[in-house]
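One letter stands for each residue in the lines below.
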Amino acid sequence: MPVRSLPPPTKRRKTTVESTSVKSLEAQLTSAVAENGSLNPLADLLMLAYASSDAREMSRAVYSVYRIFVLIISRGMLVHGGDDVAKLVRKWIWEKLDSYVELLVGLLQDEEPALRESSLEILFSLLKHLSTSLTKSSSPTQPQFHLAHFKHIVRGLLLCPPSPRSNVSSKHNSKTMLDVRENFVEVWFSVYDDIRWCFLREATTVLLKYSSTEYPHLLDNLLSIMEKLSTFPTDPSELNSWWVEELGAKPQKHKSSQGDAEGDDVAESVDENHEDDWRKFFDEDSNTKDAKKYGVKARTYTLTFHQSLYSLQAHRAVFTQTWLNFLPQLSSISTSSKRALTTRALNIMHRGVLPNLTRPVLVMDWISACVDLGETVGLLALNALFTLMQEYNLDYPSFFTRLYAFLHRDVLHLKHRARFFRLTELFLSSTHLPATLLASFVKRLSRLSLNAPPAAIIMVIPFTYNILKRHPALMVMIHNNSGTDADPFIASEPNPNSTHALDSSLWELHSHVHHYDSAVSTMARIFSEAFTKPGYSMEDFLDHTYGTLIETEVRRKIKKEPALAMELRKDLFPMADTENTDDCSTDRDAVNELWVFG
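Attention in this report is confined to the structure presented alongside it. The model shown is predicted, which means the values in this text are computed figures rather than measured ones.

## What about the overall build of the protein?
Working step 1: Scanning the protein from N- to C-terminus turns up 26 helices and zero strands.
Working step 2: Taken over 598 residues, the protein has a buried fraction of 48%.
Working step 3: For the protein, long-range pairs separated by at least 24 residues make up 73% of all intrachain contacts whose partners lie at least 6 apart in sequence.
Working step 4: Here the protein has roughly 31,200 Å² of accessible surface; of this, 53% comes from carbon and sulfur atoms.

## Comments concerning the side chain of Arg181
Working step 1: Secondary-structure assignment places Arg181 in helix H8 (residues 178-189).
Working step 2: Although Arg181 is buried, it forms no salt bridge, and the closest oppositely charged side chain is Glu182 at an N-O distance of 5.6 Å.

## Description of the side chain of Ser52
Working step 1: Mapped onto the elements, Ser52 comes out in the loop between helix H3 (41-51) and helix H4 (55-74).
Working step 2: Its relative accessible area of 13% is what places Ser52 among the buried residues.
Working step 3: A polar contact of 2.6 Å, which involves the side chain of Ser52, links it to the backbone oxygen of Leu48.
Working step 4: Apart from the residues within four sequence positions on either side, Ser52 is in contact with Glu57, Met58 and Arg165.

## A short note on the nonpolar core
Working step 1: In this structure, Tyr100, Phe184 and Phe199 are the most contacted members of the largest nonpolar core, which totals 165 residues.
Working step 2: Those residues in contact with Phe184 that sit more than four places away from it in its chain are Leu120, Phe124, Leu157, Phe189, Ile195, Phe199 and Ile225.

## Let's talk about the packing of aromatic side chains
Working step 1: Under the criterion given, the structure shown has 29 aromatic pairs.
Working step 2: Taking the centre distance of 6.4 Å and the plane angle of 90° together, the rings of Phe124 and Trp243 count as edge-to-face. One end of the pair, Phe124, is in helix H6 (residues 113-137); the other, Trp243, is in the loop between helix H10 (218-226) and helix H11 (258-262), and 119 residues separate them in sequence. Grouping residues by exposure puts Phe124 and Trp243 together as buried.
Working step 3: Each residue in the set Phe124, Phe145, Phe150, Phe184, Trp188, Phe189, Tyr192, Trp197, Phe199, Trp243 and Phe305 is aromatic and connected to the rest through ring pairs, giving one cluster.
Working step 4: When the ring centre of Trp243 is taken as reference, the NZ or CZ atom of Lys128 above it lies at 3.8 Å.
Working step 5: Taking NZ or CZ as reference, Arg444 lies 4.8 Å from the ring centre of Tyr404, over its face.

Parameters at a glance
Throughout this document, residue positions are counted from 1 along each chain, in the order its sequence is written. Predicted model: local features are reported for residues with pLDDT of at least 70 only, side-chain atom pairs are reported and counted for 80 or more only, and whole-chain, interface and lining totals are derived from all residues. For side-chain calculations, the full set of non-hydrogen atoms in the structure is used, while hydrogens and water are omitted. Segments assigned H or I by DSSP are reported as helices when at least four residues long, segments assigned E as strands when at least two residues long, and all are numbered from the N terminus. When a residue's accessible area, from a 1.4 Å probe over protein chains only, is under 20% of the maximum for its type it is buried; when over 50% it is exposed; and in between it is partly exposed. By definition in these notes, contact holds between two residues if any of their heavy atoms fall within 4.5 Å. In this description, accessible areas are obtained by the Shrake-Rupley approach with a 1.4 Å probe, and a residue is regarded as covered only by the protein chains that are shown. Under this rule, positive means Lys or Arg and negative means Asp or Glu; His and the chain ends count for nothing. By salt bridge we mean one thing: a side-chain nitrogen of Lys or Arg within 4 Å of a carboxyl oxygen of Asp or Glu. Think of a polar contact as two N or O atoms within 3.5 Å of one another; within protein, one of them needs to be a possible hydrogen donor and the other a possible acceptor, and neighboring residues in sequence only count if both atoms come from side chains. Nonpolar cores were defined as sets of buried Ala, Val, Leu, Ile, Met, Phe, Trp, Tyr and Cys residues, with membership established by side-chain atoms within 4.5 Å. When two rings of Phe, Tyr or Trp (its six-membered ring) have centres within 6.5 Å they constitute a pair, described as stacked for plane angles under 30 degrees, edge-to-face for angles over 60, and tilted for the intermediate range. Whether a charge lies above a ring is judged from NZ of Lys or CZ of Arg, which has to be within 6 Å of the ring centre and within 35 degrees of the ring normal.

If you want it as structure tokens, here you go:
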């Protein structure tokens with residue numbers, strides 16, 4: 001609730017204020033701004049905005065206050081300077097503006113969608129007006145970004161204070177509204193380079209300052225925004241979209257002397273003191289061969305704010321710092337929430353995070369720890385590790401040993417088995433893998449298929465066929481008659497290079513020729529035929545379930561009619577006792593007796 005600028009109201013004054021309409025107060029303030037008159041009605045207008053319970057009245061008051069503040073900002077009434085009286089007036093206006101921004105931030109969680117949308121648009125419109133005013137007042141004139149106002153927006157999106165119209169007792173216990181998040185991401189975050197850079201930088205500050213225990217939805221809110229980011233720049237020429245239009249002017253060339261670099265941009269003074277050191281850690285040598293692709297040629301920790309916005313390396317640096325501060329905090333929340341957020345983070349790690357980090361190996365320790373969680377989380381972590389090994393030269397010798405550990409009795413019964421086969425096929429796609437290693441995977445899957453549902457067996461058979469086709473050295477496993485009764489395969493051996501699987505055979509897959517499901521028995525016969533097929537597309541077999549198998553059988557056209565009895569027998573289930581064969585009474589249930597033991 002804003003503090004009133006007027007003396008304590010009498011009963012008569014209170015009646016007058018309540019009867020005054022929003023429209024008349026706006027007219028008084030418009031005239032006062034033009035004539036440098038008293039702005040005291042601004043407190044009354046804010047009071048009406050806070051006191052409105054009806055959504056339409058609230059919207060009308062909010063837009064009226066917005067128009068007044070746009071007039072105040074455009075006339076330069078918030079610019080530094082003037083005598084003591086002017087400073088007091090300016091301080092009072094800033095207090096009212098902060099109160100108004102607090103109201104708008106709270107309305108982002110309002111139950112009325114129109115209020116949420118209009119509040120977000122007004123907040124960003126004020127950001128543009130305040131930044132323009134700050135640019136005009138800077139000496140020498142340099143493009144500015146009003147970070148102080150933008151911090152309120154970021155905190156509203158991540159901490160989610162309740163709406164002033166709600167009766168919520170807790171301060172911050174909600175998630176970001178879906179429409180607010182989507183509107184922010186689609187209109188600003190994924191479009192404007194200055195908004196993205198400043199949001200990532202301020203989000204890191206929020207993570208360091210606020211605890212996920214006190215704000216349980218903080219990490220979820222941030223991840224919901226980060227996982228929607230799909231337009232991260234990859235070339236300096238892509239840094240060309242600015243919400244604050246003044247930032248579209250090219251920055252001055254970086255000066256080598258420290259004294260010259262310090263005075264280029266006034267906006268750096270708005271930042272926290274500790275935020276100037278993090279860029280040194282993510283910086284790379286400016287003399288490397290690919291230094292040209294990062295735009296501004298200088299170490300990022302020496303760049304001014306304006307120069308950082310035109311530096312691709314600076315954009316990657318703030319992106320890296322945000323993720324490095326976010327990922328470790330996943331271990332500070334409850335197990336169920338942790339696994340859900342970890343799964344979402346790993347889902348985008350290989351395609352949306354690692355390519356944009358300054359040094360992708362920085363997240364190696366966190367990803368390795370996720371492998372130990374097993375199941376879907378562990379498999380996605382292995383996918384991220386594989387990306388680090390394949391594209392960023394990470395040395396991880398125990399990768400296939402960790403992958404082999406995922407082949408347990410439950411893997412073919414999980415609902416995510418399609419993702420498992422899709423990723424495992426990718427991991428084992430190299431033709432340079434040793435035959436001993438691949439034989440262990442093929443043999444282990446064959447053994448697990450004995451207790452697997454038909455839909456899983458249909459995945460195992462073409463998967464095995466493709467590996468045998470790609471690695472002819474494994475063909476000996478199709479019919480390996482070693483002359484011994486015992487299977488040399490050591491199922492309990494955790495090291496895939498020591499299981500003696502290559503000395504064994506795939507008798508488990510051959511046993512499926514007699515499977516009760518016709519689709520499985522038909523697929524299993526491919527190992528008895530010549531390997532003339534180039535290979536199977538695994539995508540054709542990954543979506544099979546009991547439902548799809550039953551639907552296939554129902555729709556199957558019967559080529560040969562089954563044999564039927566010509567006459568209906570009364571004793572469909574004849575008794576074994578011949579004495580009772582003539583007595584066809586229904587006192588006994590033959591089918592039920594089959595399930596009575598003892």
